[in-house]
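Overview (structure and organization)
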Amino acid sequence: MPVLGFDPGLRITGYGCVTGDEIRPAILEAGAVRLVTGSGPVPPVADRLVELDRDVREIIGRLQPRAVAIEGLFAHYAHPETAIKMAHARGVILLAARQAGVQILELKPAEVKKSLTGSGRADKAQVQESVRQLFSLESVPKPNDVADALAIAVAAMRRAAVGLGAGSKGYA
């Protein structure tokens, strides 16, 4: 079951599509949608969302995943504006997946961390190193958003293999 994971952002949105099984997943494709490039002026949020929508729809259409996985929204007390910005990108991805008729899986960050490292309290570096090892890569995929998207896809594939877990959302 190909699963397409997204790590949403308004500057860079990482994506990773995995196939195979929950023990030996394989990368079908991975990359990043860069919504802000270079040192020029940052495009308005609305323009970036239009570009993200176009790119996400193209990726979903090309890869034809059985499910789209995305981390649930969370906010850090020191950076609440980050959650608001991430919510914009999440909304675009969720809408594109729903309109494509693809199953949507939302995973809590701790679920993704635990699935890849065995600990729901792992840091980003540990998760990214686990992605590198799982796929026998020479280095962690760059930008880091790509490794994060692959981690989300693998965690969703593993959850789908055992059925939807308590406390997480899955929409058909």
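Notes on the structure in this doc start here. (Residues numbered from 1 in each chain as written. Predicted model: local features only at pLDDT ≥ 70, side-chain atom pairs only at ≥ 80, totals over all residues. Heavy atoms only, no water.)

So, about the pairing of strand S2 (residues 12-20). Buried residues dominate S2, accounting for 7 of its 9 residues. Pairing geometry for strand S1 (residues 3-7) and S2, over 5 bridges, is antiparallel. Bridged to Leu4 within S2 is Cys17. Counting the residues that bridge the hairpin from S1 to S2 gives 4 residues. Where S2 and strand S3 (residues 25-34) come together, 9 bridges link them in antiparallel fashion. The residue bridging Cys17 from the neighbouring strand is Glu29, located in S3. What sits between S2 and S3 in their antiparallel hairpin is a turn of 4 residues. (Buried < 20%, exposed > 50% of the residue type's maximum accessible area, 1.4 Å probe, protein only. Helix = DSSP H or I, 4+ residues; strand = E, 2+ residues; numbered from the N terminus. Pairing = 2+ DSSP bridges.)

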